[in-house]
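Each chain, written out:
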Amino acid sequence: MPRLPARELPPPPPPAHLREWLDEGVVRADRARFLTDLSRRSLGLGRLLSLWGVAAAFALGWTLVGLAVTAFAAGGGPVGALCSAAAAAVLLWAGLRLARGARQERRVRQLLCAWVVAGTDPEADARLRAPARSAVWFTASLALGGFGLWLAFASASGARPGTDTYGEVAYFTGFGMILWITALLGLAKATAYLRWTHTPAGRIQPRRRLRRGVRGGAPKAPAQPRHFAQPAESSPAGV
């Protein structure tokens with residue numbers, strides 16, 4: 001099957017009254033292909049690396065903030081101003097990238113729900129479970145979170161008067177907290193995805209209309225999925 005371009009999301013499914021006139025095999029093949037693509041976009045390795053890239057940008061911004069404070073304390077006004085401007089630019093970019101990723105993740109999850117209710121295909125639905133990718137997200141996030149917590153608490157508890165400065169302790173504690181928060185976002189994303197794919201049909205939550213891009217909209221799905229619940233609002237982990 002041909003794959004969609006990396007930046008292009010699949011279209012929403014056709015309305016129920018139009019699907020009755022379409023070839024059932026074509027609709028089923030499109031559904032399987034689009035669900036596979038959307039599942040990879042939601043819980044793929046690229047999404048995990050993108051989340052870590054944003055975390056690295058926040059860590060770089062935090063480092064520049066520390067350098068600016070140190071420069072101002074030492075009387076280096078121009079250097080401190082330069083580091084402050086660079087820190088603001090990096091942190092602004094990271095925040096915008098995080099918000100953009102969250103919006104895209106919400107769109108992906110809406111399309112997942114819409115295509116799930118567009119038909120039934122046990123083989124395609126089983127692939128949505130993605131146990132291997134979920135395990136990668138859980139393992140990587142737990143390792144990152146454990147290292148972040150260790151770094152934050154070790155820097156605070158192991159500080160020695162006269163040897164370590166308050167700035168050094170604050171820097172390493174903040175760096176560890178950035179890693180820990182990133183790990184929490186990854187764990188929350190993987191947990192929400194697994195909960196969505198395993199929630200019984202009786203606990204399905206209704207969703208609002210799925211909008212088609214910026215203009216227009218697609219009709220509301222005619223029925224709820226049999227095995228997949230509508231997800232809650234996506235978290236910023238959707239980078």
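The paragraphs below set out a description of the structure included in this document. (Residues numbered from 1 in each chain as written. Predicted model: local features only at pLDDT ≥ 70, side-chain atom pairs only at ≥ 80, totals over all residues. Heavy atoms only, no water.)

**Describing the overall build of the chain**
Part 1 of the argument: Looking only at helices and strands, the chain features seven helices and zero strands.
Part 2 of the argument: Reading the helices (α) and strands (β) of the chain from amino to carboxyl end gives α-α-α-α-α-α-α.
Part 3 of the argument: For the chain, the residues scored as buried account for 38% of the 239 residues in total.
Part 4 of the argument: The contacts in the chain between residues at least 6 apart in sequence include a share of 84% that link residues at least 24 apart. (Helix = DSSP H or I, 4+ residues; strand = E, 2+ residues; numbered from the N terminus. Buried < 20%, exposed > 50% of the residue type's maximum accessible area, 1.4 Å probe, protein only. Contact = heavy atoms within 4.5 Å.)

**Focus on helix α6 (residues 131-157)**
For an α-helix, the turn length of 3.6 residues means that residues three or four places apart are oriented alike.
Part 1 of the argument: Counted at 1.5 Å a residue, the expected span for α6 with its 27 residues is 39 Å, and the 38 Å between its end C-alpha atoms agrees.
Part 2 of the argument: Inspection of α6 places S134, W137, A140, S141, L144, G145, G148, L151, A152 and S155 among the buried residues, and these make up the whole buried set. (Expected span 1.5 Å × (residues − 1).)

**What about the packing of helix α3 (residues 45-73) against α6?**
Part 1 of the argument: With their axes 11 Å apart at the nearest point, α3 and α6 run at an angle of 20 degrees to one another. When the axis of α3 is compared with that of α6, the two are roughly parallel. Considering only the axes of α3 and α6, their crossing is right-handed. Note on element contacts: α6 touches α3 through V136, W137, A140 and L144, opposite R47, L48, L51 and W52.
Part 2 of the argument: Split into classes, the residues belonging to the contact of α3 with α6 amount to seven nonpolar, no polar and one charged. (Axes fitted to C-alpha atoms, helices over the stretch in contact; angles between N-to-C directions. Parallel < 35°, antiparallel > 145°, perpendicular 65-115°, else oblique. Left-handed = near helix turned anticlockwise from the far one by under 90°. Nonpolar A, V, L, I, M, F, W, Y, C, P; charged D, E, K, R; others polar.)

Purely geometric numbers; function is a separate question.
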